[in-house]
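Here is how the chains run, residue by residue.
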Amino acid sequence: MDEVLVNCVRLDDFGRGIGYVLGKIIFVPNLLPNEEALVKIVLNKKKYMVGEIGEIIKKSDDRIETRCPYEKCGCALKSLNYEKTLEFKKNKVINILKRYGNLENVVREIIPSANIYNYRNKITLKVRDGKIGYFKNETNELIEINRCEIASEKSNKIIKILNENDLSKVSEVTIKDFGEVMVIIKGNMNISKLKPLVDSIYMNDELVYGRENIIASLGDFKFYVSKEAFFQVNMDVALKVYLKVLNYLDAGKKVLDLYCGTGTISLFLSKFFDEVLGIEINEEAVRCANLNKKLNNISNAEFICGDASKEIHHLKFQADSIVIDPPRSGLSLDGINDILNIAPQRLVYVSCDPMTLARDLKILKNNYEVKEVTLFDMFPWTYHVESVVKLEKKIN
Ligand SMILES: C[S@@+](CC[C@H](N)C(=O)[O-])C[C@H]1O[C@@H](n2cnc3c(N)ncnc32)[C@H](O)[C@@H]1O
């Protein structure tokens, strides 16, 4: 039974088509609901199978001609009509919040990305045996690429130049394009052809060309972008997310920005609060946050470098509002308890993982009412989605 006929009934949370073969579930990447295909079984486990499309026999009306010829490097929804990808993401979060957070009727809308192609300001490419590309999902197998439709056009020019160069001594290249461009190379290569296109080049952690940091503009603010520190990958959507955070918090006296990165949210909030305190674990991000404060002439924001879930425990800062924007892992139980002890009137939770969000909201909702959730398509064509949640302290 190497090739089987599969009818796709729906997508799983990772955007893979789901079908059944003799009662056993099969996951088929790139197969869309209501499609029928001949599928090659590539993994056959006791409880599930994974397949690869051989031939699509019945096509969905929602299937689009994709611009990208590559498979399985991250854009799991690349063959689905964009409107339908938004619907998929909205339903996914609604289901996860219901199933794991006991929350219903809280998701309002999903805001699309203004740019659905060329939206990423950062890509990390792997290099193996002198060839450049992305790793195939969950493997170390290289998919060689010439261009990437979600990367900026400048990044694609750089990929072209990289492809023309000898990359035999390189293992990874990161390109950050915020108008100003930084290239971070792990390994050694001739950079003469890159120089005219970029503002900064690092090779093996050493600055070998141009400036230490580049500058990004977002709304009325300017931010330093460094080699290591986190920055949201989609500028249009990042701005919309930050404006929603502001809208959900309103103004106040003291606001705590947990997991503040380079201080982006803190600086947006500084205009509407008397005092802002940001906490971030990455030293370089905190250094950028302090530089960003100066760059934007802001005097009412301070930053602490440390583990947010530990620093918050002995904090003498009575915040009336808290913003939380943690990595995928979400909050720790101790961190949640400390937030509950500070007991701010308002909380805004920004999350890139609905599963950990649902887990954390399930606890927070004992003390806070989950007022509403707005979703943002920060990562078009992937199964990822950004959520912004407004919480308000319950009256005892
Ligand atoms: C999703 S990013 C958000 C950054 C920022 N709010 C923004 O919009 O750019 C999460 C940030 O949390 C930081 N981080 C990860 N673990 C942390 C921890 N335990 N304590 C404080 N910050 C942490 C990461 O370095 C990263 O900058």
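Remember, it's a predicted structure, so these values are computed and weren't measured experimentally.

Taken as a whole, this structure holds 24 salt bridges when the rule is applied. For E302, the salt bridge is made with K293, and the minimal N-O distance between the two is 3.3 Å. On the basis of relative accessibility, which here comes to 43%, the residue E302 falls in the partly exposed class. Because the salt bridges share partners, they merge into one network encompassing K126, E172 and K186.

This brings us to the sheet that holds strand β13 (residues 200-203). The strands making up a sheet associate through hydrogen bonds between their backbones, and the pairing can be parallel or antiparallel. The sheet built from 7 strands is open, its strands ordered β10-β9-β8-β11-β12-β13-β14 with mixed pairing. Two strands bound the open sheet, and with one partner strand each, they are β10 (142-144) and β14 (206-210). In this sheet, adjacent strand axes meet at a mean angle of 30 degrees when their direction is disregarded. Relative to strand β9 (residues 131-135), strand β8 (residues 122-128) runs antiparallel, the two sharing 3 bridges. When the bridges of β9 are listed, K126 appears paired with G133. Packing of helix α2 (residues 153-164) onto the sheet brings it into contact with β8, β9, β11 (170-178) and β12 (180-187), and relative to β11 it is tilted by some 155 degrees.

Our focus in this paragraph is the sheet that holds strand β6 (residues 48-58). In space, the 6 strands of this open sheet follow the order β1-β5-β6-β4-β3-β2, with mixed pairing throughout. Either end of the sheet is taken by a strand with one partner, and the two such strands are β1 (3-7) and β2 (10-11). Where strand β4 (residues 24-28) meets β6, 3 bridges bridge the pair, whose relative direction is parallel. Its bridge partner being in β6, I26 is matched across the sheet by M49.

Summed over all chains, the structure comprises 0 disulfides. The thiol of C68 is not disulfide-bonded; the next cysteine sulfur, from C73, is found 5.4 Å away. Take C73: its relative accessible area is 25%, and that puts it in the partly exposed class.

Glancing now at helix α5 (residues 283-295). Its 13 residues give α5 an end-to-end C-alpha distance of 18 Å, which sits within 8% of 18 Å, the value for a rise of 1.5 Å per residue. On the buried face of α5, the contacting elements are β16 (221-225), α4 (264-269), β18 (273-280) and β19 (301-305). Capping the start of α5 is the job of one residue whose side-chain oxygen sits 2.9 Å from the backbone nitrogen of E284: N282. Of the residues one or two after α5, N297 is the one with positive phi, at around 55 degrees.

The next subject is the packing of helix α7 (residues 333-342) against helix α8 (residues 354-364). In contact at an axis separation of 11 Å, α7 and α8 are set at 40 degrees when each is read in the N-to-C sense. Judged by the inter-axis angle, α7 sits oblique to α8. Like other packed secondary-structure pairs, α7 and α8 cross with a definite hand, here right-handed. Across the interface between the two elements, L333, I336 and L340 from α7 touch D360, I363 and L364 from α8. Its residues assigned to classes, the contact of α7 with α8 comprises 5 nonpolar, no polar and 1 charged.

Moving on to the site of the ligand. Close to the ligand lie 17 residues; Q232, Y242, E280, A308 and D325 are nearest. The contact in question runs from an oxygen atom of the ligand to an N or O atom on the side chain of T264, over 3.3 Å. At 2.8 Å, a side-chain N or O of D325 approaches a nitrogen atom of the ligand. When isolated, the ligand has an accessible area of 600 Å², and the protein chains bury 87% of it. The class makeup of the residues in the shell around the ligand is 9 nonpolar, 5 polar and 3 charged.

About the cut-offs
- Residues numbered from 1 in each chain as written.
- Predicted model: local features only at pLDDT ≥ 70, side-chain atom pairs only at ≥ 80, totals over all residues.
- Heavy atoms only, no water.
- Salt bridge = Lys/Arg side-chain N within 4 Å of Asp/Glu carboxyl O.
- Buried < 20%, exposed > 50% of the residue type's maximum accessible area, 1.4 Å probe, protein only.
- Pairing = 2+ DSSP bridges.
- Helix = DSSP H or I, 4+ residues; strand = E, 2+ residues; numbered from the N terminus.
- Axes fitted to C-alpha atoms, helices over the stretch in contact; angles between N-to-C directions.
- Contact = heavy atoms within 4.5 Å.
- Disulfide = S-S within 2.5 Å.
- Expected span 1.5 Å × (residues − 1).
- Polar contact = N/O pair within 3.5 Å; in protein donor to acceptor, adjacent residues only side chain to side chain.
- Parallel < 35°, antiparallel > 145°, perpendicular 65-115°, else oblique.
- Left-handed = near helix turned anticlockwise from the far one by under 90°.
- Nonpolar A, V, L, I, M, F, W, Y, C, P; charged D, E, K, R; others polar.
- Near = heavy atom within 4 Å.
- Areas by Shrake-Rupley, 256 points an atom, 1.4 Å probe, with all protein chains shown as cover.

Note that every value here comes from positions in space, so none of it alone points to a role or purpose.
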